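# Topology and contacts: notes
Listed below, chain by chain, are the residues.
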Amino acid sequence: MTSQILVLGTDEAGYGPNLGPLTVGASCWLAPNRPAPSTSDPPGDSLLAFLPPAATQNATLDQGFSPDALNDALSPFAGNRKSVFPLVDSKKLFGATRALATLERPCMIAQTLAEIDAPDFRTLLERLKADASDSLPPWEVDANLALPSDPKTLREPLEESVEAIRRRLDASDTRLLLLAARRVQPREFNALDDRLGLKSAIIAEITTSLVVETLDRALRALGDATPERALVLCDKLGGSARYAATLKKRFQCDDVKILREGRDASVYRLAASGGIDRAGAFLSFPRRVKLEVRFTAKGEKNAPTALASIVAKYLRELSMRLFNDFWSRAVSPRELRETAGYPVDAARFREETEDARRALEIPDDLFWRRK
């Protein structure tokens, strides 16, 4: 009987802007785990396939993780921007000239597969456990959005697409177990900056704490059916190539084995019984799990990471819609051009909202991310 493996992908949106939240998404899949090929070279370009240790400090290693069944099940969708469930980098789906439906439709398909019912934005954030307690900024306290927000999202029936995808996943004994996310508003981001200093350390803190929380949720949801192994797929965090110390600090484990550290990929193995969450509290996993954690350049070529990218970007775009709506009302009757929050335009927006922010007594630290 083929053992199973958890495959968790993460990615961020909004790393560069000064305005709006930084969002990180996660998608967690359950799939059969086939034995890794016996070879000294990575097979092709697939980062889901077994990545053997080219240079390792460890004399002995467990058998490689190779969730090929997940590759097979998702092959019609991974990398295909025009598929009914396009599991590609969110930047290839959405831009200034494309409707939000390009993100919203795959998000809603994924929500249905993961049994998430969210008729509005606030409910979706709660289901994804995206926000820390009492973390809503003033422009969201009394605001919400009905979902779907783009009429084009439902142009084609979602139910038919979901059923076709579910049949393919069922045939390979694969399923999307859960979706998760984290939104970091400017005040929390600036507090992390005060504590950590480096932007790469901030994104590492946010992402690895989300990994801990999502793994804990997945392990508890599966109960006795929990597999003993998990593969975690992350994009490179701030361009860094060394993450062993970060993982050692985040997880309760005896050792972090370094399989590879380089520009293309950094790969680690550890056996964890728990970890530190967003609030700094320790989470004890219901069982010890063997992890392989990969930080890869262009990690969105992995379908779990691509879906995480789509979720993160979708949440970021909806967040910015509420942000822009609030400030357009606050400066009325003056016309205020919307912003995506990136540095040059953010400076313009900051200047044009200065009087309104002063009148509303909204401090700069609540409004503006320093990095």
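That block above? That's the structure.
Anyway, here's the lowdown on the structure attached to this text. (Residues numbered from 1 in each chain as written. Predicted model: local features only at pLDDT ≥ 70, side-chain atom pairs only at ≥ 80, totals over all residues. Heavy atoms only, no water.)

Here we take up the overall build of the chain. Each helix and strand in the chain was counted, giving 13 helices and 10 strands. Against the compact-globule benchmark of 21 Å for 371 residues, the chain has a radius of gyration of 21 Å, which places it among compact chains. Within the chain, buried positions represent 55% of all 371 residues. Counted over contacts in the chain with a minimum sequence separation of 6, partners at least 24 positions apart contribute 72%. Taken as a whole, the chain presents about 16400 Å² of accessible surface, with 49% of it coming from carbon and sulfur. The distance from the centre of the 53 positive side-chain charges to the centre of the 52 negative ones in the chain is 4 Å. (Helix = DSSP H or I, 4+ residues; strand = E, 2+ residues; numbered from the N terminus. Rg over C-alpha atoms; globule rule 2.2 N^0.38 Å. Buried < 20%, exposed > 50% of the residue type's maximum accessible area, 1.4 Å probe, protein only. Contact = heavy atoms within 4.5 Å. Areas by Shrake-Rupley, 256 points an atom, 1.4 Å probe, with all protein chains shown as cover. Lys, Arg positive; Asp, Glu negative; His and termini not counted. Charge placed at Lys NZ, Arg CZ, Asp CG, Glu CD.)

Structurally, Thr 123 can be placed in helix α4 (residues 121-127). The contact partners of Thr 123, leaving out residues within four places of it in the chain, are Asp 117 and Ala 118.

All right, on to unusual backbone geometry then. Note the cis peptide between Leu 147 and Pro 148, where omega equals 0 degrees. Its location among the elements puts Pro 148 in the loop between α5 (138-141) and α6 (158-171). Residue Lys 298 is not a glycine yet carries a positive backbone phi of 55 degrees. Classification of Lys 298 as exposed rests on a relative accessible area of 68%.

This part takes up the environment of Leu 270. Among the structural elements, Leu 270 can be located in strand β9 (residues 265-276). By relative accessible area, Leu 270 is classed as buried at 5%. Measuring from C-alpha to C-alpha, the distance between Leu 270 and Val 289 comes to 8.5 Å, with 19 residues separating the pair along the chain. If we skip the residues at most four places from it in the chain, Leu 270 touches Leu 247, Phe 251, Cys 253, Asp 255, Val 256, Val 289, Lys 290, Leu 291 and Val 293.

Looking now at helix α11 (residues 343-352). The periodicity of an α-helix, 3.6 residues per turn, causes residues three or four positions apart to be oriented the same way. Along α11, the residues classified as buried are Ala 346, Arg 348 and Phe 349. For α11, the arc enclosing every buried residue in end-on projection is 160 degrees, short of the 170-degree limit, so these residues lie on one face. For α11, the exposed residues set more than 90 degrees away from the buried face come down to Val 344 and Glu 351. Packed against the buried residues of α11 are α10 (303-330) and α13 (364-367). (Arc of directions from axis to C-beta.)

A few words on the pattern of salt bridges. Enumeration according to the criterion identifies 25 salt bridges in this entry. Residue Asp 131 pairs with Arg 183 through a salt bridge whose shortest N-O separation is 2.9 Å. Taken together, the residues span a long stretch of sequence, with Asp 131 in the loop between α4 and α5 and Arg 183 in strand β5 (residues 175-184) at a distance of 52 residues. When its relative accessible area of 1% is taken as the criterion, Arg 183 is described as buried. In this structure, the salt-bridge partner of Glu 292 is Arg 294, at a minimum N-O distance of 2.6 Å. Just as Glu 292 is buried, Arg 294 falls in that class too. Shared partners join several salt bridges into a network, and the residues in it are Asp 193, Asp 194, Asp 365, Arg 370 and Lys 371. (Salt bridge = Lys/Arg side-chain N within 4 Å of Asp/Glu carboxyl O.)

Time to look at the packing of aromatic side chains. Scanning the entire structure with this criterion turns up 13 aromatic pairs. Aromatic pair Tyr 243 and Phe 295: ring centres 3.8 Å apart, planes at 15 degrees, arrangement stacked. Residue Tyr 243 is found in the loop between β6 (229-235) and α9 (244-250), and its partner Phe 295 is found in strand β10 (residues 282-296); the two are separated by 52 residues along the sequence. Summarising the aromatic geometry, the rings of Tyr 268 and Phe 295 are spaced 6.2 Å apart at their centres and angled 70 degrees between planes, so their arrangement reads as edge-to-face. Taken together, the residues Tyr 268 in strand β9 and Phe 295 in strand β10 connect sequence positions 27 residues apart. The burial state of Tyr 268 is the same as that of Phe 295; both residues are buried. Through a chain of ring-to-ring contacts, the aromatic side chains of Trp 139, Phe 323, Phe 326, Trp 327, Phe 349 and Phe 367 assemble into a single cluster. Stacked on the ring of Tyr 15, the Lys or Arg Lys 199 has its end atom at 4.5 Å from the ring centre. Positioned above the aromatic ring of Phe 367 is the side chain of Arg 357, whose terminal nitrogen or guanidinium carbon lies 4.4 Å from the ring centre. (Phe/Tyr/Trp six-rings, centres within 6.5 Å; stacked < 30°, edge-to-face > 60°. Lys NZ or Arg CZ within 6 Å of the ring centre and 35° of its normal.)

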